[in-house]
Amino acid sequence: GAVVSQHPSRVICKSGTSVKIECRSLDFQATTMFWYRQFPKKSLMLMATSNEGSKATYEQGVEKDKFLINHASLTLSTLTVTSAHPEDSSFYICSAAGAAGVADTQYFGPGTRLTVL
Amino acid sequence: KQEVTQIPAALSVPEGENLVLNCSFTDSAIYNLQWFRQDPGKGLTSLLLIQSSQREQTSGRLNASLDKSSGRSTLYIAASQPGDSATYLCAVIDSSASKIIFGSGTRLSIRP
């Protein structure tokens, strides 16, 4: 399957700072990318769906001004957590898929552990 | 609203045993159902995908079944090995293929 990387794998930041997480599809044209959030021992919650060159579609309850998503190319999507607070601490996972979105096979990244002090 | 439940939340069995993980969903109108494996602090690896028209899928020692009418799926692992230790997640895609909902997972531990 396709290889998806995330950078950084782990980040610790102070409250109030912004953090950018990159998701790269190394060998696959990712028309659609998904961003998930996972709390300890909990399931993945879809935050937003992004299509290359378009604005992201956010799930209900996810603040679009808080979690900025950019999908400027078929191989790169970024999630920026703006003015991070301790409650934003979580495990963030991205996935890449084709034009059919969730109906396509999703290739998941290894995740980014964000800790906000 | 679709809800996906996995029971038990955690399971520990000795090596060599066959085991079954359960997944239930509240809305039978699904596009497909997938089983994933997640190792600690890692992303997800797709194991099996069952289309809504299918009853089961097999890959090696893994067999997944789907009963839409009862809203259930099972993941059968034969001859378990310590390397099978991980969290297993099931996820359903709704019938309009627009949304994916994950269960909370079963943490499996295989004792040598």
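Scope of this entry: the structure provided in the associated data block. Given the structure is predicted, the values throughout are model-derived calculations rather than measurements.

Let's talk about the pairing of strand E8 (residues 76-81) of chain A
Residues and elements named next belong to chain A.
Then, in step 1: Counted residue by residue, E8 has five buried out of six residues, so it is predominantly covered.
Then, in step 2: When strand E3 (residues 19-25) meets E8, the two strands line up antiparallel, connected through six bridges. Its bridge partner lying in E8, Glu 22 is registered against Thr 78.
Then, in step 3: From the end of strand E7 (residues 67-73) to the start of E8, which pair antiparallel, there are two residues.

Examining the pairing of strand E6 (residues 56-59) of chain B
All names here are of chain B.
Then, in step 1: Where E6 meets strand E7 (residues 62-67), four bridges bridge the pair, whose relative direction is antiparallel. Residue Gln 57 lies in a different strand from E7, and its bridge partner there is Ala 64.
Then, in step 2: What sits between the antiparallel neighbours E6 and E7 is a turn of two residues, in which Gly 60 has the positive phi angle 60°.

Some words on the sheet that holds E7 of chain A
All names here are of chain A.
Then, in step 1: A sheet is described by the order of its strands in space; here four strands give the open sequence E1-E3-E8-E7, paired in antiparallel fashion. The open sheet terminates on both sides in strands that have one partner only, identified here as strand E1 (4-7) and E7. Geometrically, the sheet is characterised by an average inter-axis angle of 15° between neighbouring strands, direction not taken into account.

Structural notes on the state of the cysteines
Then, in step 1: Per the stated rule, a full pass over the model turns up two disulfides over all chains.
Then, in step 2: The side chain of Cys 23 of chain A participates in a disulfide bridge whose partner is Cys 94 of chain A; the two sulfur atoms lie 2.0 Å from each other. As the torsion about the S-S bond is roughly 80°, the Cys 23 of chain A-Cys 94 of chain A disulfide counts as right-handed. Taken together, the residues span a long stretch of sequence, with Cys 23 of chain A in strand E3 and Cys 94 of chain A in strand E9 (residues 90-97) at a distance of 71 residues.
Then, in step 3: The class for Cys 23 of chain A is buried, based on a relative accessible area of 0%.
Then, in step 4: Between the sulfur of Cys 23 of chain B and that of Cys 90 of chain B lies a disulfide, 1.9 Å long from S to S. Here the S-S torsion is close to 70°, and the disulfide linking Cys 23 of chain B with Cys 90 of chain B is therefore right-handed. Note that Cys 23 of chain B is positioned in strand E3 (residues 19-25) and Cys 90 of chain B in strand E9 (residues 86-94), a separation of 67 residues in sequence.
Then, in step 5: A relative accessible area of 0% means that Cys 90 of chain B is categorised as buried.
Then, in step 6: Here Cys 13 of chain A stays unpaired: no disulfide links it, and the sulfur of Cys 94 of chain A, its closest cysteine neighbor, is 18 Å away.
Then, in step 7: According to the relative accessible area criterion, Cys 13 of chain A is buried, its value standing at 10%.

Cut-off values and rules
Along each chain, numbering runs from 1 in the same order as the chain's sequence is written. Going through the entries in the order they are written, you letter the chains from A and number the ligands from 1. Local features are withheld for residues below a pLDDT of 70 in this predicted model, meaning they are given only at 70 or higher, and side-chain atom pairs are given and counted only at 80 or more; totals for whole chains, interfaces and linings count all residues. Computation of side-chain values covers all heavy atoms of the structure but excludes hydrogens and water. Buried, partly exposed and exposed residues are distinguished by accessible area as a fraction of the type maximum, computed with a 1.4 Å probe on protein chains only: under 20%, between the cut-offs, and over 50%, respectively. For helices the rule is a DSSP run of H or I covering at least 4 residues; for strands it is a run of E covering at least 2, with both sets numbered from the N terminus onward. For two strands to be treated as a pair, DSSP must find at least two bridges joining them. Between N-to-C directions, angles span 0 to 180 degrees; the directions come from axes that are lines fitted to C-alpha atoms, helices contributing only their stretch in contact. The term disulfide is used for any two cysteine sulfur atoms that are within 2.5 Å.

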